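Spelled out from the first residue to the last, the chains are:
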Amino acid sequence: LITIQSTNDVSLFPPKVIKELKSRKLLQSKTEKYYIITRGNSYEKKRKEQIKDVTLDAINEYMDIDENKWNGPEIKGINFNAKGQTVTHGSLHPLMRMRHEMRRILLDMGFEEMQTNRYVESSFWNFDALFQPQQHPARDAHDTFFLDQPKESVISNKYKNYMRKVKK
C-alpha cells in the first residue's frame, strides 16, 4: 500500500492483489479527463450581433424591400436536431384525486363497487341499502327528487335476496 501511494502506479502488483485492496476499500480507482480548448475556424475576437427571433419589427427595421436585401445583423441558425422543452402532462383535479383515493381505501377494506350507468337510482339504493332511518331529514321531499315516470324501478333478480335482508 505504501509503494502504491509513493509511486501512484498499480501495474507493479498482480490483479488479484489490486482486487483484494479494492474489496477492502483501501484502494479506489479514479479517472481524470483533460480537454484541450483551441480556437476554431470561426473564432472572432468580438462577438457579432445575431438576431435570435425574427419578428415583424426586425424585418421592418433591417429589410430593404425595394432591393429585397437584408441590411441587418446575421440571423442565428436554427438547430432542428435540438431537443425541445419537455411537455408537462396534465394531472388529475384535486377532487378527482381524493375520489380515487377514497375509492381505493374502500375497495381495500373489502367493499365492492356496484357497476351502474344509471343517473337515477331508486330510493332503496339511496336510503334503505344504506340503513338510513325512515324519519331521517334527507328523505324529505325538498332533499330528494321523485320522478313520475317510471313509477317503480326495475331491480335485477340477483339483488332480490339482498333486498329481503334489508327489509328485515
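Preceding this paragraph is the structure being described.
Parameters at a glance
- Residues numbered from 1 in each chain as written.
- Predicted model: local features only at pLDDT ≥ 70, side-chain atom pairs only at ≥ 80, totals over all residues.
- Heavy atoms only, no water.
- Phe/Tyr/Trp six-rings, centres within 6.5 Å; stacked < 30°, edge-to-face > 60°.
- Helix = DSSP H or I, 4+ residues; strand = E, 2+ residues; numbered from the N terminus.
- Buried < 20%, exposed > 50% of the residue type's maximum accessible area, 1.4 Å probe, protein only.
- Salt bridge = Lys/Arg side-chain N within 4 Å of Asp/Glu carboxyl O.

Caption draft 1: Molecular detail of the packing of aromatic side chains. Using the criterion set out here, one finds five aromatic pairs in the structure. Plain terms: the ring middles of F124 and Y162 are 6.3 Å apart, the flat faces sit at 80° to each other, and that makes the pair edge-to-face. Separated by 38 residues along the polypeptide, F124 in helix α5 (residues 123-128) and Y162 in helix α6 (residues 160-167) bring together distant segments of the chain. For Y162, a relative accessible area of 34% translates into the label partly exposed. A ring pair is formed by W125 and Y159, whose centres lie 5.2 Å apart and whose planes are at 80°; its orientation type is edge-to-face.

Caption draft 2: Just the pattern of salt bridges, in detail. If you walk through the whole model with that rule in mind, you get six salt bridges. Between E44 and K48 there is a salt bridge whose closest N-O contact spans 3.8 Å. Of the charged contacts in the structure, one is a salt bridge between E101 and R104, with a shortest N-O distance of 2.7 Å. Residue E101 and its partner R104 are both found in helix α4 (residues 94-108); the two are separated by three residues, about one turn of the helix. Owing to a relative accessible area of 38%, E101 belongs among the partly exposed residues under this scheme. The class of R104 is partly exposed, set by a relative accessible area of 40%. Salt bridges linked by common partners bring E44, K48 and E74 together as one network.

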